Amino acid sequence: MEAVRASAAWVASRSSHVTVDLQEIEKVVDKIQGNVPKVEWDFEGIHYFDNGPLTVQYLFVLDALNFCFWPDKDLSYDHLASGLKLALEKDKTALDADRLKNYTGPQLRQLLNWPRPLPIEEERVRLLHEVGLELERNFGGQAANLVKSAGNSAATLIELITRHFPGFRDHSLYKGHQVFLYKRAQIFVADLWGAFKGQNYGEFNDINSITIFADYIVPAVLRELGILKYGSNLSCSIDSNSEIVPGSEEEVEIRACSIYAVEKMRDLIGKKFGKQLLSIDIDLWLWSCGVQNMALSHHRTLSIYY
């Protein structure tokens, strides 16, 4: 997504709380010799997959709800993915559009087999309703029809998602400039591509247009690698588990600089080692490193976008 790359670079060039260390990027690239370890989609075995439209429906609902787990120390992405998977295995209609638009908070908890209110539960329910209503209104109730209408273009699919589903409009205003980050819309494309191995619903002729998915795990890994440097006040806030205000300069800089840093890493790998990597591959590697080291301090922001 060129809008994401361009706005991330714009923020990085003006950032005052976060610095991208280009020398550290080169050290990391040299250390791995341009070889980013290949991490398979669903390496944890937690996702639903039947090679058909129901998988697309599952992934779209999954990514509609894929945000803000940290306020509940026991909750993780794995619980969401595996909970929806088990719900579908029990009842193939669980994620039908007419049911999505009517779920309540307690019903969502029951669907996920989660014993207490979810973080930002009202927003999660609202987003389920939004997905159900819009899929029913414009796509025959099926996310597969949404994907088909994009004509095998990742960029077009993201444009369609953000046009029809306001809950995916991951925008921020930074120093008077609009910034586009689109974490959940882009990760839906990546999930399709990974699940279907670039075929069928996962076939995109411009998959290289996707950037990384700016969340709170990947920036923590980039900071641990020395690629992201935080100012003293921001470091103190993160290390003391203080919340970072959504839409603040600090929060936008963390996410945008993460995207910019990985784009620089990808470019350098291509230049030094002649390897054309996808940002998706780098993201999967960094994210898997992060989830295997949950002791890493990450920024905490109450947000529906990641």
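The notes below deal with the structure included here. All chains use their own residue numbering, which begins from 1 and follows the written sequence. With pLDDT at 70 or above as the cut-off, local features in this predicted model cover only qualifying residues; side-chain atom pairs require 80 or more to be listed or tallied, and sums for whole chains, interfaces and linings still use all residues. Side-chain figures throughout are based on the complete set of non-hydrogen atoms in the structure, without hydrogens or water.

### Regarding the overall build of the protein chain
Part 1: Numbering goes from the N terminus for both helices and strands, where a helix is a DSSP run of H or I of at least four residues and a strand is a run of E of at least two. A count of helices and strands for the protein chain gives 14 helices and 4 strands.
Part 2: Throughout, the radius of gyration refers to the C-alpha atoms, and the reference size of a globule is 2.2 Å times the residue count to the power 0.38. Relative to the compact-globule value of 19 Å for 306 residues, the protein chain shows a C-alpha radius of gyration of 19 Å, a close match.
Part 3: Dimensions of the protein chain along its principal axes, counting C-alpha atoms only, are 50 × 40 × 35 Å.
Part 4: Within the protein chain, the proportion of its 306 residues that are buried is 58%.
Part 5: Sequence separation of 24 or more characterises 77% of the internal contacts of the protein chain that already satisfy a separation of 6 or more. Buried, partly exposed and exposed residues are distinguished by accessible area as a fraction of the type maximum, computed with a 1.4 Å probe on protein chains only: under 20%, between the cut-offs, and over 50%, respectively. The contact criterion used is simple: two residues touch if any of their non-hydrogen atoms lie within 4.5 Å.

### As for the nonpolar core
Note on soluble globular proteins: their nonpolar side chains tend to be buried together.
Part 1: In plain words, nonpolar cores are sets of buried Ala, Val, Leu, Ile, Met, Phe, Trp, Tyr and Cys residues tied together by side-chain atoms within 4.5 Å. Among the nonpolar cores identified, the biggest contains 116 residues, and Phe 60, Leu 157 and Leu 192 are the most heavily contacted of them.
Part 2: In terms of residue count, the dominant contributor to this core is helix H13 (residues 249–273) (10 residues).
Part 3: For Phe 60, the contacting residues outside a window of four places in its chain are Val 131, Leu 135, Ala 143, Leu 146, Ile 161, Phe 165, Phe 168 and Phe 188.

### Comments concerning the pairing of strand E3 (residues 177–180)
Part 1: Two strands are said to pair when DSSP picks up at least two bridges between them. Pairing geometry for strand E2 (residues 171–174) and E3, over 4 bridges, is antiparallel. Across the sheet, residue Tyr 174 finds its bridge partner in E3, namely His 177.
Part 2: Hairpin connection of E2 to E3: 2 residues between the antiparallel strands, including Lys 175 at a positive phi of 50°.

### Describing the pattern of salt bridges
Part 1: The working definition used for a salt bridge is a side-chain nitrogen of Lys or Arg within 4 Å of a carboxyl oxygen of Asp or Glu. The full count for this structure, using the stated rule, is 20 salt bridges.
Part 2: Lys 229 is paired through a salt bridge with Asp 21; the nearest N and O atoms lie 3.0 Å apart. With Lys 229 in strand E4 (residues 228–230) and Asp 21 in the loop between strand E1 (18–20) and helix H2 (22–31), the pair connects residues that are 208 residues apart, well separated along the chain.
Part 3: A relative accessible area of 19% means that Asp 21 is categorised as buried.
Part 4: Glu 159 serves as the salt-bridge partner of Arg 163, at 2.7 Å between the closest nitrogen and oxygen. Residue Arg 163 and its partner Glu 159 are located together in helix H9 (residues 154–164), separated by 4 residues, close to a single helical turn.
Part 5: A relative accessible area of 37% means that Glu 159 is categorised as partly exposed.

Shape descriptors only; they carry no functional weight alone.
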